[in-house]
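The chain contents come next:
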There are 2 protein chains.
Amino acid sequence: MIKKKIAISVGDLNGVGIEIALKSHKEVSKLCHPIYCINKELLHQATQLLEVKLPTDFALSEVDGNFEIQAGLVDAQSGRYAYESFIHAVKLCETNEADAVVTMPIHKEAWMRAGLEFKGHTDLLRHYFNKDAIMMLGCQEMYVALFTEHIPLKEVASKIQYKKLKTFFLDLSASLPQEKIATLGLNPHAGDNGVLGDEELRITKAIKSANKAVGFEQFIGPLVPDVAFSPQVRKNYKYFVAMYHDQGLTPLKALYFDESVNISLNLPIIRTSVDHGTAFDIAYKGVANTLSYLNAIKSALSFLKN
Amino acid sequence: MIKKKIAISVGDLNGVGIEIALKSHKEVSKLCHPIYCINKELLHQATQLLEVKLPTDFALSEVDGNFEIQAGLVDAQSGRYAYESFIHAVKLCETNEADAVVTMPIHKEAWMRAGLEFKGHTDLLRHYFNKDAIMMLGCQEMYVALFTEHIPLKEVASKIQYKKLKTFFLDLSASLPQEKIATLGLNPHAGDNGVLGDEELRITKAIKSANKAVGFEQFIGPLVPDVAFSPQVRKNYKYFVAMYHDQGLTPLKALYFDESVNISLNLPIIRTSVDHGTAFDIAYKGVANTLSYLNAIKSALSFLKN
C-alpha cells in the first residue's frame, strides 16, 4: 500500500507543536509520509533548544521566515510564521503534493499581534475557501459535529433555524460515512413536548427533510441532551450533532480529553488538528503529550479512505 | 452504632420502585432501618405480581389507599398514591420518626391526571416548605448542583444575576462540607474575556462575594465549561455548580449514568432519590437495576453525617 502524504503545519514555534512533531516522527512515519512545513534554520533552532538530533528522513517543504524561537512567548513573528506554515500546507493539498493537512496549535493572541483577525484554523479555512466549514471534534470512539460554535450561549436558541439546520445536515452527511448520526435537541428533556422550549420542532422538521434528501434515516433525534452521551446511547452511535459548543464538547472532554482531535469537514481538503493549545507553559521541556497528534494523523488517514 | 431510620416513599406503583425496594431490602437493611410508606394490601398485590415472598422484617408505616396495580399504566390513582406516600415520608421526618427520605420515581403525567401540578419531588418540596430547594445530582465520585433547572435554554442567560447567584452559593455552602466547589461559567471558553458573552462577570462577582461571606475560597471559577469535567479537573473537586440543566447533567450521565442519585438540599429535611424514572416498560419484569437506589440510601446516610 502506498503511504499517503500528510502536510504538517508546525503551529506556533514558541509552543509545543514542533516538539510533538519531532517526538512522534518515527511512529508517524510508519503510518504516512509526513511533510513538515518549516525551514531548515528554524528547525535547527528547535532541535538545539530541545537537545535532540534531527531524524535523517525528516522531509521538509520549506517555508520562508526567520526569528528567534522563545519558549512560551506570545509573539507576532511566531504567530505570523504559524500562519504561513498553515497556508503553505493547505496549498500543498491544493496542488496535490499532499493528501491532507494536520495542524499543530496556533496562539490566537499571537495571530492578533501579527494582524491576523481569524478565530482559529477553521475560521481561516472558511475565509480561504469561502465555504461553510463544519467543525467536528472527537476520537475513534465518538465524534461530535457542532452546529453553532464560538457564540455566546444566549445567542444559540435564535440560530436554531430550519433552513440552516437542513443545509448543515446535508453538508455533514456528504462528509461522513453513511451511518446513523445522533442529533441532539436544544432544551432540557428535548423540550418535554414544548413545555421547556420549542426549538425541537424546527430540529425535527430539518431532520425529516434531510433524511428524505439523503434517502435513509441518517439523522436520529432530537435526542434528550443529558442522556445522549450515556453509555447506552453511545454504544449505538459513533457520530453526534450538538446544537452548541459546550453541549457537545463538555461530555466529549469528560470522556476523552487527551485523545480528541479537531476535524474540518465540508471543505475541498481534509484537515485535522490536535485538540489542545500551544501549552506555552511546558514548551521545550520535553513533556508534551503526543496522543492527540497521533490521533489527528490517524483521523486524517481514515477520512482519506472514506 | 445505631442505624438511622430512612422513610422510603414507594413512587408510582405501576413502575419499578417497589420491585427495587423489595429486591434491595436485605442489602439496605444492613445500612439503615428502612420504613416503607405503603399499606399491606397494595404491598401484597406487588409481591403477588412479582412472585416474591415478603421479607419478615419489612417495616411499614401504612399509607391509606387502594387500587389495582397495573404494570406500566399511566393512572391517576397510582399517581395520587405516589404523592400520598411521599408526603407521608416527609411527615415522618418532620416528626422525627425518620431521619431522611429516599424516594422512588413518580410519573409526571400520572400526577397531572391526579390533578397534581408539580414538576416533580423537588418542586413539590419547594412548595411544601416554601424554601428554595437546591437540586443536586451525582454519586460518590462527583456531585453537580444546578443553578437553573427545568427552563428553556434561551431563558438561562437572563437568570444569571448577581444576587440570586450569591444566595444560591451561600445556601449551597451551608448544605455541603467545607470543601472547594468547582463553579462553571456560562459561555464557551467561559466568555473568553467577554468576547463570547459577559455573564461571567456576574458569576465572578457573586463567587467573590460568597467566598468572602463563607470565609474561605470555597467557590472556584468561573471555570471553562467544556474542560470542567475533564479528568484533570475532576481529580481536584467532588462538588460542581452548573449554570443550567444540561451543562451539568450531560457530562454526569456520560460518566456515571447508572450510579447517580438526586439530592434535595437547603431544606429542613434530607431527601435523596433514584436518578431514573418509573421505567414503565420493564415494570414487574424482575430486571430493574438497583444501583441508583442503593446509592440514594448511601447518599442520604452520608448527608446525615455532615
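Not measured: the values here are computed from a predicted model.

With respect to the overall build of chain A
Counting secondary structure elements, chain A contains 10 helices and 10 strands. Taking 2.2 N^0.38 as the reference for a compact globule, 306 residues should give roughly 19 Å; the C-alpha atoms of chain A span a radius of gyration of 20 Å, in line with that estimate. A principal-axis box enclosing the C-alpha atoms of chain A has dimensions of 60 × 45 × 35 Å. In chain A, which comprises 306 residues, the share counted as buried stands at 59%. Considering only contacts in chain A between residues 6 or more positions apart, those separated by 24 or more positions represent 76%. In the structure as shown, chain A presents an accessible area of about 12,900 Å², 50% of it carried by carbon and sulfur atoms. Between the mean site of the 33 positive side-chain charges and the mean site of the 34 negative ones, chain A shows a separation of 6 Å.

Some details on the relation of the copies chain B and chain A
When chain B is fitted onto chain A, the two copies agree to an RMSD of 0.0 Å after a turn of 180 degrees and an axial shift of 0.0 Å. Both copies are brought into coincidence by an operation consistent with a two-fold rotation axis. When C-alpha distances to the rotation axis are compared across chain B, the minimum falls at Pro 251 of chain B, with a value of 2.2 Å. In this assembly, 100% of the residues forming the interface of chain B have copies in chain A that are likewise at the interface, indicating an isologous arrangement.

So, the interface of chain B and chain A
Facing the 38 residues of chain B at the interface are 38 residues of chain A. Connecting chain B to chain A are 6 salt bridges. For Asp 192 of chain B, the salt bridge goes to Lys 108 of chain A, with nearest N and O atoms at 2.8 Å. Of all the elements, helix 10 (residues 245-256) of chain B adds the most residues to the side of chain B that touches chain A, at 9 residues. Counted by class, the side of chain B that touches chain A contains 18 nonpolar, 9 polar and 11 charged residues.

Observations concerning the environment of Asp 171 of chain B
In this structure, Asp 171 of chain B sits in helix 7 (residues 162-175). For the pair formed by Asp 171 of chain B and His 25 of chain B, sequence separation is 146 residues and the distance between their alpha carbons is 34 Å.

Considerations on the sheet that holds strand 8 (residues 239-242) of chain B
Residue and element names in this part refer to chain B. Pairing in this open sheet of 10 strands is mixed, and the strands run 2-1-3-10-9-4-5-8-6-7 from one edge to the other. Edge strands, defined here as strands with exactly one partner in the open sheet, are strand 2 (33-37) and strand 7 (219-223). When strand polarity is set aside, the average angle formed by the axes of neighbouring strands in this sheet is 25 degrees. For strand 9 (residues 261-265) and strand 10 (residues 271-274), the ladder comprises 4 bridges, and the chain directions are antiparallel. Each bridged residue has a counterpart across the sheet, and for Asn 262 the counterpart in strand 10 is Ser 273. Sheet strands in contact with helix 10 are strand 4 (134-139), strand 5 (142-146), strand 6 (181-184) and strand 8, and its direction is about 160 degrees off that of strand 5.

Thoughts on the pairing of strand 8 (residues 239-242) of chain A
Residues and elements named next belong to chain A. Side chains of strand 8 alternate between two faces, with Tyr 239 and Val 241 and Phe 240 and Ala 242 buried alike. With 4 bridges joining them, strand 5 (residues 142-146) and strand 8 adopt parallel strand pairing. Paired with Ala 145 across the strands is Val 241, a residue of strand 8. Bridge analysis of strand 6 (residues 181-184) against strand 8 gives 3 bridges, and the strand direction is parallel. Looking across to strand 8, one finds that Thr 183 is bridged to Val 241.

Notes on the domain arrangement of chain A
Accessible area lost upon the coming together of the parts is a frequently used measure of interface size. Residue and element names in this part refer to chain A. Domain boundaries in chain A define domain 1 (1-132 + 270-306) and domain 2 (142-258). The interface of domain 1 with domain 2 comprises 9 residues on the first partner and 8 residues on the second. Scanning the region where domain 1 abuts domain 2 turns up 1 salt bridge. When the shortest N-O distance is used, the salt bridge between Arg 126 and Glu 149 registers 2.7 Å. Across the contact surface, domain 1 and domain 2 share 2 residue pairs in polar contact (both at pLDDT 80 or more). It is helix 10 (residues 291-305) that provides the largest number of residues to the side of domain 1 that touches domain 2, a total of 4 residues. Of the residues in the side of domain 1 that touches domain 2, the class split is 2 nonpolar, 4 polar and 3 charged.

What counts, and at which threshold
- Residues numbered from 1 in each chain as written.
- Chains lettered and ligands numbered in written order.
- Predicted model: local features only at pLDDT ≥ 70, side-chain atom pairs only at ≥ 80, totals over all residues.
- Heavy atoms only, no water.
- Helix = DSSP H or I, 4+ residues; strand = E, 2+ residues; numbered from the N terminus.
- Rg over C-alpha atoms; globule rule 2.2 N^0.38 Å.
- Buried < 20%, exposed > 50% of the residue type's maximum accessible area, 1.4 Å probe, protein only.
- Contact = heavy atoms within 4.5 Å.
- Areas by Shrake-Rupley, 256 points an atom, 1.4 Å probe, with all protein chains shown as cover.
- Lys, Arg positive; Asp, Glu negative; His and termini not counted.
- Charge placed at Lys NZ, Arg CZ, Asp CG, Glu CD.
- Least-squares fit on C-alpha atoms with pLDDT ≥ 70 in both.
- Salt bridge = Lys/Arg side-chain N within 4 Å of Asp/Glu carboxyl O.
- Nonpolar A, V, L, I, M, F, W, Y, C, P; charged D, E, K, R; others polar.
- Pairing = 2+ DSSP bridges.
- Axes fitted to C-alpha atoms, helices over the stretch in contact; angles between N-to-C directions.
- Domains from an automatic or database assignment.
- Polar contact = N/O pair within 3.5 Å; in protein donor to acceptor, adjacent residues only side chain to side chain.

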